[in-house]
Amino acid sequence: MMNILVIGAGGREHALAWKLKQSTCVGRLYCAPGNPGIASVAECVDIPMGDLDGLYQFARTHKIDLTVVGPEIPLVNGIVDLFEAGGLTIFGPSKAASALEGSKIFAKHFMKRNAIPTAAYETFDRAHEADARAYILTHPVPVVLKADGLAAGKGAVVCHSTGEALRVVQDFFTGNVLGDAGSSIVVEEFMAGEEASVFAFTDGTQYVLLEPAQDHKQIFDGDKGKNTGGMGAYAPAPIVTSQLLERIKNEIIEPTLAGMRSEGRPYRGCLYAGIMITADGPKVVEFNCRLGDPETQVVLPLIDGDLAEILYACSTRNAGSLTMRSHDAAAVCVVITSGGYPDLYESGQPIHGLERIVPEDGVVVFHAGTKTDGGKCVTAGGRVLGVTAVGYGHELRETIASAYAAVKKITFDGAYYRSDIGVKGLRLH
Ligand code: AMP
Ligand code: GLY
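Keep in mind it's a predicted model, so treat the numbers as computed, not measured.

Cut-off values and rules
Residues numbered from 1 in each chain as written. Chains lettered and ligands numbered in written order. Predicted model: local features only at pLDDT ≥ 70, side-chain atom pairs only at ≥ 80, totals over all residues. Heavy atoms only, no water. Core = buried A, V, L, I, M, F, W, Y, C linked by side-chain atoms within 4.5 Å. Buried < 20%, exposed > 50% of the residue type's maximum accessible area, 1.4 Å probe, protein only. Contact = heavy atoms within 4.5 Å. Pairing = 2+ DSSP bridges. Helix = DSSP H or I, 4+ residues; strand = E, 2+ residues; numbered from the N terminus. Axes fitted to C-alpha atoms, helices over the stretch in contact; angles between N-to-C directions. Salt bridge = Lys/Arg side-chain N within 4 Å of Asp/Glu carboxyl O. Near = heavy atom within 4 Å. Polar contact = N/O pair within 3.5 Å; in protein donor to acceptor, adjacent residues only side chain to side chain. Areas by Shrake-Rupley, 256 points an atom, 1.4 Å probe, with all protein chains shown as cover. Nonpolar A, V, L, I, M, F, W, Y, C, P; charged D, E, K, R; others polar.

**Some points on the nonpolar core**
Counting 74 residues, the largest nonpolar core has Leu 5, Ile 79, Leu 100 and Ile 253 as its most contacted members. Ignoring anything within four residues of it in the chain, the contact list for Ile 79 reads Ile 7, Leu 52, Leu 55, Val 69, Pro 74 and Ile 90. Leu 29, Tyr 272, Val 299 and Ala 319 belong to the second-largest nonpolar core, a separate cluster that totals 48 residues.

**A look at the sheet that holds strand β12 (residues 214-215)**
The strand order across the open sheet built from five strands is β12-β15-β18-β22-β19, with neighbouring strands paired in antiparallel fashion. At either end of the open sheet lies a strand with only one pairing partner, and these are β12 and β19 (363-367). Two elements, strand β18 (residues 329-337) and strand β22 (residues 383-392), share nine bridges in a ladder whose sense is antiparallel. Looking across to β22, one finds that Val 332 is bridged to Ala 389. Across the face of the sheet, helix α12 (residues 396-407) comes into contact with β15 (232-235), β18, β19 and β22 while running at roughly 30° to β18.

**Quick notes on the pattern of salt bridges**
According to the stated counting rule, one finds 21 salt bridges in the structure shown. Measuring nitrogen to oxygen at the nearest pair gives 2.8 Å for the salt bridge that ties Lys 226 to Asp 343. Here Lys 226, found in strand β14 (residues 224-227), pairs with Asp 343, found in the loop between β18 and β19; they are 117 residues apart in sequence, far enough to count as distant. When its relative accessible area of 46% is taken as the criterion, Lys 226 is described as partly exposed.

**A short note on the site of ligand 2**
Near ligand 2 the following residues occur: Asp 215, Gly 229, Tyr 272, Asn 288, Arg 290, Gly 292, Asp 293, Pro 294 and Glu 295. Contacts to ligand 2 include Asp 293, whose backbone N or O atom sits 2.9 Å from an oxygen atom. Within the side chain of Glu 295, one N or O atom sits 2.7 Å away from a nitrogen atom of ligand 2.

**With respect to the site of ligand 1**
In the neighbourhood of ligand 1, 16 residues make up the surrounding shell, with Glu 188, Glu 189, Met 191, Glu 195 and Glu 286 lying closest. In this structure, an oxygen atom belonging to ligand 1 sits 2.4 Å away from a side-chain N or O atom of Glu 195. In this structure, an oxygen atom belonging to ligand 1 sits 3.0 Å away from a side-chain N or O atom of Lys 217. About the coverage of ligand 1: the protein hides 93% of its 470 Å² of free accessible area. Where the shell around ligand 1 is concerned, the elements lending two or more residues are β7 (143-147), β8 (156-159), β9 (184-189) and β17 (281-288). Considering only residue class, the shell around ligand 1 consists of eight nonpolar, one polar and seven charged.

**Some details on the pairing of β18**
The side chains of a regular strand alternate, first on one face of the sheet and then on the other. With nine of nine residues buried, β18 lies mostly within the body of the structure. On β18, burial covers both faces: Ala 329, Ala 331, Cys 333, Val 335 and Thr 337 on one face and Ala 330, Val 332, Val 334 and Ile 336 on the other are all buried. Pairing analysis gives four bridges linking β15 to β18, with the strands arranged antiparallel. Looking across to β18, one finds that Ala 233 is bridged to Cys 333.

**Notes on the sheet that holds strand β2 (residues 26-33)**
Reading across the sheet, the five strands line up as β3-β2-β1-β4-β5 and stay open at both edges, with parallel pairing between neighbours. Whereas interior strands pair on both sides, the edge strands pair on one side only; in this sheet they are β3 (43-44) and β5 (90-91). Lying over the sheet, helix α2 (residues 52-61) contacts β1 (2-8), β2 and β4 (66-69), oriented at roughly 165° with respect to β1.

**Some details on the environment of Val 198**
Here Val 198 is to be found in strand β10 (residues 194-202). For Val 198, a relative accessible area of 1% gives the class buried. Val 198 sits 138 residues away from Ile 336 along the chain, and the two C-alpha atoms are 24 Å apart. Contact partners of Val 198, with chain neighbours within four places excluded, come to Leu 209, Pro 212, Ile 248, Ile 253, Leu 271, Tyr 272, Ala 273 and Ile 275.

This is how it looks when you write it as structure tokens:
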């Protein structure tokens, strides 16, 4: 039996703990710091994600056999290096390998060196703002500007006019919005197409793929309005046909793993490839060094296998022993947010109706931003809940309907959700 520690506090980590709980080889299951939803499947421990030493000490004293890291920040800060130096097994990339997400400039240069398809680009630092402005003045729009460092989803802006691009460059370089994350930037070509998220669990050499998913990043139906952390997801995504997946493996996943090995930064953990399906084939929009949120909530329920075994094999260089099987099912996650998100929103609203969701509905509610206040579950974040329907043997259309039937049972003041999650997938059916 393995004792497992999950690190994180959102919907992704609730889905991880929920799936790990189903594993027959898991003994004690902990989550730091967790949330009220996670508390129903794991023991929550009050250690913040930034306290790497505290997490390490906890793992040692509680005989943790495998630590699974949800968010990118501890990875980019070197939690894997710290745990491995102390002889602990942990699922995630090292600090050097996490640069694929931690530095957009590293990722772009890496892709160029390794002939991995991505948007054409230039990079500039704060000392060369005039060059950046001159470049933008000659570049067609739309153009995409990206801060080099981690920016919690606020680091990429698709600019539809030169004026907007010049303003964004100024914002990034002055550091008012993103601090030092924007002191170096990428200016890149706009790629037209539809996006998909592809996840590989890898030990650095061998890998297994999860079902491809699609996120819905914009706040409003029809992909309109501001970017968010993700308003919902569904999987499998029919736009990623088996032929396309072969290309993604051959042109993106395998050269990335090989390149990272040959550059002395072997990549273990979950490689998240955000793909744009363009007229010229699949191209990388971005790499992330972790699972996606809310994609995790739909890809994990589709795994017909033991997640603890899979993650342990990847963390101990044994992924070659794995085969990945998927349930014949569709999964749809609709995120309910606080009113006003992604701008200012209120917290502390009591959430009603959670008890009306019963297992027979084939629905699980993953908590993202909730807390317990006086024995009641209240809102405590922008993205509050991920209402997830898993339709075994069902079509996507029916699964979307059961997700929304459950969403309608849950209410709180200001609750908002998109009403078209998964609809993209129906067009191609
Ligand atoms: P990123 O933070 O790199 O994932 O970018 C956030 C979002 O901006 C992506 O999910 C895309 O919708 C959009 N985006 C980023 N780069 C490009 C690009 N080169 N062309 C078109 N859209 C992009
Ligand atoms: N769903 C987007 C992300 O996790 O970055």
